[in-house]
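So the chains spell out like this:
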Amino acid sequence: MEIKTIRERAFATPLCSPAYPMGPYRFIDREFFVITYRTDPALLRAAVPEPLEITDPIVHYEFIRMPDSTGFGDYTESGQVIPVSYEGRAGSYTHAMFLDDHPPLAGGRELWGFPKKLASPKLAVHTDTLVGTLDYGPVRVATGTMGYKHREIDKEALGRSLSETPNYLLKIIPHVDGSPRILELVCYFLKDVQMKGAWTGPAALSLAPHALAPVASLPVLEVIGAKHYVADLTLGLGEVAFDYLA
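Computed from a predicted model, the values in this text were never measured in an experiment.

Draft legend 1. Seen up close, the UniProt feature "active site" (unreviewed entry) in the protein. Mapped onto the present numbering, the UniProt feature "active site" (unreviewed entry) falls at Lys 116. With respect to the secondary-structure elements, Lys 116 resides in strand 5 (residues 116-118). Lys 116 sits in the buried class, given a relative accessible area of 6%. Setting aside residues no more than four positions away along its own chain, Lys 116 makes contact with Glu 77, Met 97, Leu 99, Pro 104, Leu 105, Gly 108 and Arg 109.

Draft legend 2. Spatial organisation of the environment of Ala 226. The residue Ala 226 is located in strand 14 (residues 222-235) in this model. The class for Ala 226 is buried, based on a relative accessible area of 6%. Apart from residues no more than four positions distant in its own chain, Ala 226 is found in contact with Phe 33, Val 34, Ile 35, Met 146, Trp 199, Thr 200, Gly 201 and Ala 203.

Draft legend 3. A look at the nonpolar core. One finds Phe 33, Leu 52, Tyr 61, Ile 82, Phe 98, Tyr 168 and Leu 207 to be the most contacted residues of the largest nonpolar core, which totals 33 residues. Once residues within four sequence positions are removed from consideration, Tyr 168 is found in contact with Leu 52, Val 84, Tyr 86, Gly 91, Ser 92, Tyr 93, Thr 94, Leu 185, Val 186, Cys 187 and Ala 241. If you look at the next biggest cluster of nonpolar residues, it comprises 28 residues, including Val 34, Met 66, Leu 190 and Met 195.

Draft legend 4. Geometry of the pairing of strand 12 (residues 190-200). The pairing of strand 9 (residues 151-152) with strand 12 spans two bridges and is classified as antiparallel. Bridging from a neighbouring strand, Glu 152 pairs with Trp 199 of strand 12. Note that strand 12 and strand 14 share seven bridges and pair antiparallel. When the bridges of strand 14 are listed, Lys 191 appears paired with Thr 234.

Draft legend 5. Highlighting the packing of aromatic side chains. One pass over the full model with this rule turns up 13 aromatic pairs. Counting every residue linked through ring pairs, the aromatic cluster contains Tyr 25, Phe 27, Phe 72, Tyr 75, Trp 112, Phe 114 and Tyr 188. The residue whose ring lies beneath Arg 30 is Phe 27, and the NZ or CZ to ring-centre distance is 4.6 Å.

Draft legend 6. Molecular detail of the side chain of Gln 80. The topology assignment puts Gln 80 in strand 3 (residues 73-86). For Gln 80, a relative accessible area of 0% translates into the label buried. Polar contacts involving the side chain of Gln 80 include one to the side chain of Tyr 37, which spans 3.1 Å. In this view, Gln 80 contacts Tyr 37, Val 59, His 60, Tyr 61, Tyr 93, Thr 94, His 95, Ala 96, Leu 207, Val 215 and Leu 218; residues no more than four positions away in its chain are not counted.

Criteria and cut-off values
- Residues numbered from 1 in each chain as written.
- Predicted model: local features only at pLDDT ≥ 70, side-chain atom pairs only at ≥ 80, totals over all residues.
- Heavy atoms only, no water.
- UniProt positions renumbered as here; feature names shortened; annotations may be inferred.
- Helix = DSSP H or I, 4+ residues; strand = E, 2+ residues; numbered from the N terminus.
- Buried < 20%, exposed > 50% of the residue type's maximum accessible area, 1.4 Å probe, protein only.
- Contact = heavy atoms within 4.5 Å.
- Core = buried A, V, L, I, M, F, W, Y, C linked by side-chain atoms within 4.5 Å.
- Pairing = 2+ DSSP bridges.
- Phe/Tyr/Trp six-rings, centres within 6.5 Å; stacked < 30°, edge-to-face > 60°.
- Lys NZ or Arg CZ within 6 Å of the ring centre and 35° of its normal.
- Polar contact = N/O pair within 3.5 Å; in protein donor to acceptor, adjacent residues only side chain to side chain.

Next up, the structure:
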């Protein structure tokens, strides 16, 4: 294989059978269950990388069902997103993500720098309750519950917020000697968001300690609220907001 051919084809590993296709990546009927809670401010500051800043000790715990995703298929994800600000603009920083499908795990880490690990998240309706769970191996590390569609909320306002909010990630790609080759703060946006419904209700969240899935390291001090919504959207490719090695 010629060097020119390698350069043209090398967008993902392995070269001869990439783990995921080229984007854009469109998600149909993507279902979110997001529980917002208050946590320990000192622990939160220690978890958020500079130059991002936090204003309130708030965390969004997410369970996301993605039944129809371009190139990625059908999978579920769960993790923590932290409200932050960068250069005076409000945004979100993805602190931890766990999912059950290899292509989006590989693509998410390699393209954007999503902090994804393999686990077993679930999101489903049980009678009158929306239930999200995260298992790491045989251990249950997160359980979220909400009354199912108790009250509608403004889906259009929520959709505008999803489209306008910058999202930040810490992208880490090591060199062959283990030192960082790429170390960047990446920014991306959700695009072409089409909201299909949004609801709220009474909610609860339980996080359990785990050595390799340490979601409980940002403990739940108070549940503030929850949202359940469904949307079609495109995951936009990113840009470098800050280069730690420059």
